[in-house]
Amino acid sequence: MTTAVASQTECVMLAHGGGGELMHRLIRDRLLTALRSVGPPRPAAHASNVPRAVGHRGPTLRRESCPAHTVSRGVLTDGAVLPWTADNIVFTTDSYVVTPIEFPGGDIGRLAVCGTVNDLTVMGAQPVAISLGLILEEGLPLETLDRVMRSVAGAAREGGVEIVTGDTKVIERRGSPPELFINTAGIGRLRDGVQLGAEHIEPGDCILINGPIAEHGLAIMSVRNGVEFETPLRSDAAPLNHLIADLLDIGASVKFLRDPTRGGVAGVLADICDDTGLSIEIDETRLPLSPAARYASEMLGIEPLTFANEGKVICVVAAADCEKSLSALRTNPLGRHAACIGSICDRHPALVELTTRYGGRRIVQRSYGEDLPRIC
Amino acid sequence: MVESIRLPAVQQHGGASPLRDSAAALQTQIASLARRIGRKTQFMEVCGTHTVSIFRTGIRGMLPPNVRMLSGPGCPVCVTAQRDIDAAIELAARPGVILATYGDMLRVPGRLGSLERQRAAGADVRVVTSARAALRIARENPQREVVFLAVGFETTAPATAAVIRTAESECVKNFSALVSHKLVVPAMRALLDAGDVRLDGFLCPGHVSVIIGAEAYRPIVDRYRQPCVVAGFEPLQILRGIAALLTQVARREARLENVYTAAVPPRGNAVALHLLAEVFAPSRTAWRELGEIPGSGLELAPRYCRFDAARRFGITLGPEVNNPACLCGQVICGRAEPSDCALFRNGCTPLTPIGPCMVSSEGTCAAWFKYAAPRPSAEAAS
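The sections below set out a description of the structure shown in this document.

What counts and how
Position numbers for residues start from 1 in each chain and track the written sequence from start to end. Chain letters and ligand numbers both follow the written order, the letters beginning at A and the numbers at 1. Reporting in this predicted model follows two pLDDT cut-offs: at least 70 for local features of residues, and 80 or more for side-chain atom pairs to be given and counted; totals over whole chains, interfaces and linings ignore these cut-offs and use all residues. Remark: hydrogens and water are excluded; side-chain values derive from all non-hydrogen atoms of the structure. Where helices and strands are cited, they refer to DSSP runs of H or I of at least four residues and of E of at least two residues respectively, numbered from the N terminus. In this scheme, a residue with accessible area under 20% of its type's maximum is buried, one over 50% is exposed, and one in between is partly exposed, where area comes from a 1.4 Å probe on protein chains only. Contacts are assigned to residue pairs that have any heavy atoms within 4.5 Å of one another. At least two bridges found by DSSP between two strands are what make those strands a pair. Where helices are involved, their axes are fitted lines through C-alpha atoms of the stretch in contact, as for all axes, and angles between N-to-C directions lie from 0 to 180°. By this rule the span expected of a helix is its residue count minus one, scaled by 1.5 Å. What is called the bend at a residue is the angle between a pair of axes, fitted to the seven residues leading up to and ending at it and to the seven starting from it. Aromatic rings from Phe, Tyr and Trp, taking only the six-membered ring of Trp, are treated as a pair when their centres fall within 6.5 Å; an angle between ring planes under 30 degrees marks them as stacked, one over 60 as edge-to-face, and anything in between as tilted. Note on criteria: charge over ring means Lys NZ or Arg CZ within 6 Å of the ring centre, with the direction from the centre no more than 35 degrees off the ring normal. When two cysteine sulfur atoms lie within 2.5 Å, the pair is treated as a disulfide. By definition here, a salt bridge exists when the distance from a side-chain nitrogen of Lys or Arg to a carboxyl oxygen of Asp or Glu is within 4 Å. An angle below 35 degrees is read as roughly parallel, one above 145 as roughly antiparallel, one from 65 to 115 as roughly perpendicular, and any other as oblique. Polar here means any residue other than Ala, Val, Leu, Ile, Met, Phe, Trp, Tyr, Cys and Pro, which are nonpolar, and Asp, Glu, Lys and Arg, which are charged; Gly is therefore polar. Throughout, nonpolar core names a set of buried Ala, Val, Leu, Ile, Met, Phe, Trp, Tyr and Cys residues whose side chains join them through atoms within 4.5 Å.

Take the overall build of chain A next. The secondary structure content of chain A amounts to nine helices and 16 strands. A buried classification covers 60% of the 376 residues belonging to chain A. Taking as baseline every contact in chain A between residues at least 6 positions apart, the subset at least 24 positions apart corresponds to 85%.

So, on to the sheet that holds strand S16 (residues 361-364) of chain A. All names here are of chain A. Across the sheet, seven strands lie side by side as S11-S13-S9-S14-S12-S15-S16; this open sheet has mixed pairing. Single-partner strands in this sheet number two, and they are strand S11 (254-258) and S16. Each strand of the sheet is rotated relative to its neighbour by a mean of 25 degrees, with strand direction disregarded. Where strand S9 (residues 206-209) lies against strand S14 (residues 339-345), four bridges are found, and the strand directions are antiparallel. Bridged to Cys-206 within S14 is Ser-343.

Turning to the side chain of Ser-53 of chain B, a few remarks are in order. Residue and element names in this part refer to chain B. Within the secondary structure, Ser-53 sits in helix H2 (residues 48-56). A residue is classified by how much of its surface remains accessible, and Ser-53, at 10% relative accessible area, is buried. Not counting chain neighbours up to four residues away, the residues in contact with Ser-53 comprise Phe-233, Pro-235 and Ile-238.

What follows concerns helix H2 (residues 21-36) of chain A. Residue and element names in this part refer to chain A. When the terminal C-alpha atoms of H2 are compared, their 21 Å separation across 16 residues agrees well with the 22 Å that a helix rising 1.5 Å per residue should span. Ile-27 marks where H2 bends most, by close to 30 degrees. Regarding H2, the residues found buried are Met-23, Leu-26, Ile-27, Leu-31, Leu-32, Ala-34 and Leu-35.

Turning our attention to the sheet that holds strand S3 (residues 89-96) of chain A. What holds strands together in a sheet is hydrogen bonding between their backbones, with the strands either parallel or antiparallel. Residue and element names in this part refer to chain A. Strand order in the open sheet made by the four strands is S3-S8-S6-S7, with mixed pairing throughout. Two strands bound the open sheet, and with one partner strand each, they are S3 and strand S7 (162-171). The sheet shows a mean angle of 15 degrees between the axes of neighbouring strands, taken without regard to direction. Both S3 and strand S8 (residues 180-190) contribute to a ladder of eight bridges, which runs antiparallel. What sits directly across from Phe-91, in S8, is Ile-187. H2 contacts strand S6 (125-137) and S7 of the sheet and is inclined by roughly 140 degrees relative to S7.

Right, let's get into the packing of aromatic side chains. All names here are of chain B. Evaluation of the coordinates by the stated rule reveals five aromatic pairs over all chains. Arranged with centres 5.5 Å apart and planes meeting at 80 degrees, the rings of Tyr-102 and Phe-148 form a pair that is edge-to-face. Residue Tyr-102 is located in strand S4 (residues 97-102), and its partner Phe-148 is located in strand S6 (residues 145-152); the two are separated by 46 residues in the primary sequence. For the ring pair Phe-344 and Trp-368, a centre distance of 6.4 Å and an interplane angle of 90 degrees mean the geometry is edge-to-face. One end of the pair, Phe-344, is in the loop between helix H15 (328-331) and helix H16 (356-359); the other, Trp-368, is in helix H17 (residues 364-371), and 24 residues separate them in sequence. Assessed through its relative accessible area of 11%, Phe-344 is described here as buried. Trp-368 sits in the buried class, given a relative accessible area of 4%. Grouping aromatic residues by their ring pairs yields a cluster made of Phe-55, Phe-344, Trp-368 and Phe-369. Against the face of Trp-368 rests Arg-60, its NZ or CZ located 4.5 Å from the ring centre. The cationic tip of Lys-182 hangs over the ring face of Trp-287; the distance from NZ or CZ to the ring centre is 5.8 Å.

The peptide bond linking Thr-99 of chain A to Pro-100 of chain A adopts the cis configuration, its omega dihedral lying at -5 degrees. Structurally, Pro-100 of chain A is set in the loop between S3 and strand S4 (102-103). Here His-348 of chain A and Pro-349 of chain A are connected by a cis peptide whose omega angle stands at -5 degrees. By secondary structure assignment, the location of Pro-349 of chain A is in the loop between S14 and strand S15 (352-355). Its identity as a non-glycine residue notwithstanding, Arg-252 of chain B has a phi of 55 degrees, on the positive side.

Throughout the structure, instances matching the rule amount to zero disulfides over all chains. Of the cysteine sulfurs around Cys-273 of chain A, a residue in no disulfide, the closest is that of Cys-345 of chain A, at 8.1 Å.

Turning our attention to the pattern of salt bridges. Residues and elements named next belong to chain A. For the coordinates displayed, the defined rule picks out 42 salt bridges over all chains. The partner of Asp-236 in a salt bridge is Lys-312, and the shortest N-O contact between them spans 3.0 Å. Taken together, the positions of Asp-236 in the loop between strand S10 (227-229) and helix H6 (241-248) and Lys-312 in the loop between helix H8 (291-300) and strand S13 (314-317) put the pair 76 residues apart, joining distant regions of the chain. Taken as a pair, Asp-236 and Lys-312 share a single burial class, namely buried. Taken together, the salt bridges that share partners define one network made up of Arg-258, Asp-271, Asp-274 and Arg-366.

Glancing now at the packing of helix H7 (residues 131-140) of chain B against helix H8 (residues 157-169) of chain B. All names here are of chain B. In the contact formed by H7 and H8, the axes pass within 8 Å of each other and the chain directions differ by 25 degrees. Viewed along their axes, H7 and H8 adopt a mutual orientation that is roughly parallel. Here Ala-131, Arg-132, Leu-135 and Arg-139 of H7 lie close against H8, whose contacting residues are Ala-159, Thr-160, Val-163, Thr-166 and Ala-167. In terms of residue class, the contact of H7 with H8 is built from five nonpolar, two polar and two charged.

Further remarks concern the nonpolar core. In terms of nonpolar packing, the biggest core is built from 107 residues, with Leu-115, Phe-148, Phe-175, Phe-202 and Tyr-217 of chain B touching the most fellow members. Apart from the residues lying within four places of it in its own chain, the contact partners of Phe-148 of chain B are Ala-100, Tyr-102, Val-128, Ala-131, Ala-134, Thr-160, Phe-175, Ser-176, Ala-177 and Leu-178 of chain B. Leu-32, Tyr-96, Cys-114 and Val-148 of chain A belong to the second largest nonpolar core, which has 38 residues in total.

Here the focus is the environment of Leu-82 of chain A. You can see Leu-82 of chain A is positioned in the loop between strand S2 (75-76) and S3. A C-alpha to C-alpha distance of 19 Å links Leu-82 of chain A and Thr-121 of chain A, two positions 39 residues apart in sequence.

All names here are of chain A. Checked against the element boundaries, Arg-286 lands in the loop between strand S12 (279-283) and H8. Given a relative accessible area of 41%, Arg-286 falls into the partly exposed group. Spatially, the C-alpha atom of Arg-286 lies 6.8 Å from that of Cys-340, the residues being 54 residues apart in sequence. Not counting residues up to four positions away in its chain, the partners in contact with Arg-286 are Ala-339, Cys-340, Ile-341 and Gly-342.

This is the structure we're talking about:
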């Protein structure tokens with residue numbers, strides 16, 4: 001009898017979403033426990049002027065602000081009170097439906113937190129609080145859910161943000177294996193004096209990136225296609241707010257930031273051309289790309305510039321500040337391999353042109369639809 | 001159950017580019033040979049992977065104006081007859097069928113839409129990167145019929161042969177293949193027999209040659225007096241191959257040459273060739289634009305014919321109907337360039353492909369669209 005009950009509780013059941021005791025226990029014993037387990041978020045370096053969410057004197061998520069149905073004095077409530085005021089609040093939302101939900105270098109939970117932190121960061125904001133909406137398919141092993149939640153908590157701690165509210169729904173299973181989807185929203189405070197936007201970009205500006213590209217996209221594609229590389233390709237998912245703080249704090253003329261997620265570096269560069277009417281020249285020999293990623297993308301027949309990244313940022317800075325910006329990025333482990341990959345120019349029409357490793361030239365465009373591995 | 005692929009050790013990126021120096025030296029050699037020849041020269045890269053590599057690495061812009069590379073009928077998606085694609089779409093729509101296909105085939109338009117649209121309408125169409133993955137789907141879904149759309153040249157055909165042999169030995173009853181494999185050399189002969197494209201030689205494909213061996217092109221050299229140089233897909237290999245072709249032209253020679261000796265033996269891969277001979281038999285097959293070419297395709301040998309999806313599901317190939325405005329057929333024969341087609345960039349784009357050359361990642365139109373700037377000056381930039 002005990003065995004039967006135990007086996008029933010090993011995976012998500014529709015009843016877990018019913019609002020009853022089972023749901024209450026799921027949230028209290030698993031979701032909140034996981035989020036509390038890693039202690040307080042790591043404070044953001046150079047962020048003393050940024051307000052923190054809710055009376056922040058002890059380990060996070062203990063009192064007023066708590067994840068997944070805010071706990072206030074032990075009672076689950078429907079929201080979080082954030083007693084701070086700021087003139088320039090940045091607000092973002094995103095949904096995560098990645099398959100598989102766990103992959104080399106991360107999982108959907110890490111992706112959700114990092115993605116939201118980075119979306120706020122590239123707007124010039126210091127992330128403050130994130131919401132976490134979970135949609136669970138029945139049959140999802142609770143062990144998997146636990147791992148994802150620990151990952152959420154770990155990423156939040158790395159990024160120095162709090163998960164202050166959330167929601168949980170259980171839906172019927174639609175496929176195999178059962179999946180889990182996450183919706184997040186995030187708020188942050190715009191950093192003082194930061195003015196980012198394509199309208200500030202000028203010919204001569206330098207284009208920087210903080211490290212090797214394409215690894216998240218390749219890691220996902222290799223798992224989806226059942227291809228395993230001897231040199232493991234791992235997702236680069238990481239919160240970039242501390243790295244960007246390192247860059248912004250040196251007072252460099254940073255004009256534009258964007259994380260090259262879906263659509264990759266090519267997508268961001270094409271957006272810059274579209275938005276500014278200016279051209280871009282990049283040099284393949286300066287583009288950070290591990291040999292493993294290069295060979296894997298060649299084998300799959302897909303352009304690494306169009307692969308997704310989850311821990312990379314493209315920065316456009318004034319040419320005069322290029323070297324000191326690179327130095328600032330390289331002081332952070334997430335920017336150790338930062339490089340200047342090219343520059344803005346004013347040729348017409350507005351195109352991204354690449355000088356290849358072999359000295360030839362060609363254009364770079366956005367990918368079209370879903371990237372598919374080639375036949376041979 | 002995953003395929004393990006060896007990758008080189010991680011090295012530091014960036015820094016000086018010895019590749020650029022090597023490429024520049026070859027570029028100088030090619031320019032010198034082209035000057036010495038003095039007239040326009042046209043070579044055909046048979047394989048779509050060569051086409052893409054030439055565009056992607058900027059080689060096209062590194063060649064002198066009188067050296068022109070034409071794309072040939074070596075992209076497996078582009079040469080697949082429309083009626084084969086229609087048959088695949090029809091099969092995918094059958095209840096209980098899982099159609100497994102290489103990703104490139106997903107978006108090729110047929111008369112009845114595409115496999116991608118069929119999938120959106122509810123058909124179970126799955127992208128695989130190997131024939132083995134298709135067989136795995138069959139093992140995992142014993143209650144369903146799994147059909148593998150087997151396309152490609154001698155590079156992918158041995159893998160299809162291997163899984164069919166495995167399916168037979170393991171008595172997998174729910175697996176079959178819609179076979180549309182093609183052979184490279186008969187297509188080269190058909191092109192030369194047509195006689196309407198003047199060529200100075202062929203850049204022969206690396207991957208196919210690993211299987212069939214360099215000597216497979218001997219009849220092209222001997223009978224048609226066409227220089228043939230086997231080259232890999234690395235840009236330096238391609239540049240070496242072009243330099244070798246120009247050297248032959250300059251010396252008025254027609255020889256078989258192999259600059260990819262590291263991977264391509266004279267007689268090919270005996271195991272793969274034996275596998276092909278056991279599982280398949282040469283057949284008369286239809287190519288887009290080239291029509292039916294005797295001995296240019298593969299069909300399942302009698303012993304394995306129960307794995308023939310067309311036979312198992314009673315599929316009758318319909319008529320070959322192509323959009324008359326689409327020049328894909330002319331493009332794969334070197335008779336036209338994408339920019340000659342009124343549809344190119346003008347309705348036919350990777351988002352809205354009309355012909356297969358715009359769909360396939362190895363397609364000539366897709367390579368032009370993706371890597372060549374929409375202006376003559378950029379295409380000629382070096």
